[in-house]
Amino acid sequence: GAVVSQHPSRVICKSGTSVKIECRSLDFQATTMFWYRQFPKKSLMLMATSNEGSKATYEQGVEKDKFLINHASLTLSTLTVTSAHPEDSSFYICSAVLRQGGGEKLFFGSGTQLSVL
Amino acid sequence: QKEVEQNSGPLSVPEGAIASLNCTYSDRGSQSFFWYRQYSGKSPELIMSIYSNGDKEDGRFTAQLNKASQYVSLLIRDSQPSDSATYLCAVYYGQNFVFGPGTRLSVLP
């Protein structure tokens with residue numbers, strides 16, 4: 001399968017700081033990437049859809065000014081959690097769409113566990 | 001509202017048995033269907049994709065699709081304790097992948 005790299009895997013930060021998470025498709029180009037968050041034992045929650053070269057589309061209830069998404073190239077999307085607070089602590093996962101043979105498949109990064117103190 | 005439904009479980013099966021996981025979806029226009037495995041604390045991993053009616057086999061995994069019934073299933077033969085995980089069903093609608101809530105599978109030694 002295709003490889004999606006996500007860094008960092010774990011970050012601990014103080015309240016009020018900003019954290020940037022990178023998501024790279026290593027062996028394919030991804031015009032579309034998705035960002036999710038997940039709480040323990042809960043379902044994936046889609047935060048936003050990131051399309052290369054255009055503004056991200058945020059799901060209802062997700063603050064676009066707090067969760068800044070940039071998809072400046074076909075292999076890189078970043079999520080910046082601005083002015084992080086303890087309630088932002090969660091597992092953040094990116095994914096990238098691989099289009100081949102007329103079909104699409106979704107591959108996930110390894111996730112970032114964010115802990116805000 | 002596009003929906004994907006799964007029984008949340010937990011589904012418990014003894015080692016060596018067949019585990020059967022089910023999923024239904026709401027949009028008849030869906031063309032692509034996927035099963036992901038997610039271990040606790042890890043991200044989902046794609047294990048099967050299926051696009052046409054019938055069965056698709058890959059090792060111990062078999063995906064079954066019935067578009068008329070809007071139903072997709074995953075069978076795991078010779079279940080192993082290492083198969084214990086949450087299994088997510090996903091359906092591709094247009095530009096989006098919609099995930100079910102997942103079924104937690106526990107394979108008992």
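Here, the structure is the one placed above.
All of the points below concern the structure found in this document. (Residues numbered from 1 in each chain as written. Chains lettered and ligands numbered in written order. Predicted model: local features only at pLDDT ≥ 70, side-chain atom pairs only at ≥ 80, totals over all residues. Heavy atoms only, no water.)

What about the environment of Ala68 of chain B?
Turning to step 1, where the next piece is worked out: By secondary structure assignment, the location of Ala68 of chain B is in the loop between β7 (61-66) and β8 (71-76).
Turning to step 2, where the next piece is worked out: Put simply, Ala68 of chain B and Asn96 of chain B are 28 residues apart on the chain and 21 Å apart in space, counted from C-alpha to C-alpha. (Helix = DSSP H or I, 4+ residues; strand = E, 2+ residues; numbered from the N terminus.)

Some thoughts on the state of the cysteines
Turning to step 1, where the next piece is worked out: Applying the stated criterion across every chain yields a total of two disulfides over all chains.
Turning to step 2, where the next piece is worked out: Put simply, Cys23 of chain A and Cys94 of chain A are joined by a disulfide, and their sulfur atoms are 2.0 Å apart. Judged by the torsion about the S-S bond (80 degrees), the Cys23 of chain A/Cys94 of chain A disulfide is right-handed. Residue Cys23 of chain A is found in strand β3 (residues 19-25), and its partner Cys94 of chain A is found in strand β9 (residues 90-100); the two are separated by 71 residues along the sequence.
Turning to step 3, where the next piece is worked out: Residue classification places Cys23 of chain A among the buried positions, given a relative accessible area of 0%.
Turning to step 4, where the next piece is worked out: What makes Cys94 of chain A buried here is its relative accessible area of 0%.
Turning to step 5, where the next piece is worked out: Here Cys23 of chain B connects covalently by a disulfide to Cys89 of chain B, the sulfurs 2.0 Å from one another. Residues Cys23 of chain B and Cys89 of chain B are joined by a disulfide whose S-S torsion is about -70 degrees; by sign, that bridge is left-handed. On the criterion of sequence distance, the pair formed by Cys23 of chain B in strand β3 (residues 19-25) and Cys89 of chain B in strand β9 (residues 85-93) is long-range, its members being 66 residues apart.
Turning to step 6, where the next piece is worked out: The exposure class of Cys23 of chain B is buried, given its relative accessible area of 1%.
Turning to step 7, where the next piece is worked out: You can call Cys89 of chain B buried: its relative accessible area is 0%. (Disulfide = S-S within 2.5 Å. Buried < 20%, exposed > 50% of the residue type's maximum accessible area, 1.4 Å probe, protein only.)

Looking at the packing of aromatic side chains
Two measures describe an aromatic ring pair: the distance that separates the ring centres and the angle between the ring planes.
Turning to step 1, where the next piece is worked out: For the structure shown, the criterion picks out 13 aromatic pairs over all chains.
Turning to step 2, where the next piece is worked out: Considering the side-chain rings of Tyr36 of chain A and Phe99 of chain B, the 6.0 Å spacing of their centres and the 85 degrees angle between planes classify their relative orientation as edge-to-face. Of this pair, Tyr36 of chain A sits in strand β4 (residues 32-38) while Phe99 of chain B sits in strand β10 (residues 96-99), on two different chains.
Turning to step 3, where the next piece is worked out: Looking at Tyr36 of chain A, the relative accessible area reads 2%, which means it is buried.
Turning to step 4, where the next piece is worked out: Judged by its relative accessible area of 14%, Phe99 of chain B is buried.
Turning to step 5, where the next piece is worked out: A centroid spacing of 4.6 Å and a plane angle of 50 degrees characterise the contact between Tyr92 of chain B and Phe97 of chain B, whose relative ring orientation is tilted. Of the two residues, Tyr92 of chain B and Phe97 of chain B, neither departs from the other in class, the shared state being buried.
Turning to step 6, where the next piece is worked out: An aromatic cluster of at least three residues, connected via ring pairs, comprises Phe34, Tyr36 and Phe108 of chain A together with Phe34, Tyr36, Tyr51, Tyr92, Phe97 and Phe99 of chain B.
Turning to step 7, where the next piece is worked out: Just above the ring of Phe61 of chain B sits the side chain of Arg60 of chain B; from NZ or CZ to the centre is 5.7 Å. (Phe/Tyr/Trp six-rings, centres within 6.5 Å; stacked < 30°, edge-to-face > 60°. Lys NZ or Arg CZ within 6 Å of the ring centre and 35° of its normal.)

A look at unusual backbone geometry
Keep in mind that most residues, glycine aside, have a negative phi and that most peptide bonds are trans.
Turning to step 1, where the next piece is worked out: Note the cis peptide between His7 of chain A and Pro8 of chain A, where omega equals -5 degrees.
Turning to step 2, where the next piece is worked out: With respect to the secondary-structure elements, Pro8 of chain A resides in the loop between β1 (4-7) and β2 (10-13).
Turning to step 3, where the next piece is worked out: In this structure, Pro10 of chain B follows Gly9 of chain B across a cis peptide bond, with omega equal to 10 degrees.
Turning to step 4, where the next piece is worked out: Positionally, Pro10 of chain B belongs in the loop between β1 (4-6) and β2 (11-14).
Turning to step 5, where the next piece is worked out: Even without a glycine there, the phi angle at Lys41 of chain A is positive, about 65 degrees.
Turning to step 6, where the next piece is worked out: Among the structural elements, Lys41 of chain A can be located in the loop between β4 and β5 (45-51).

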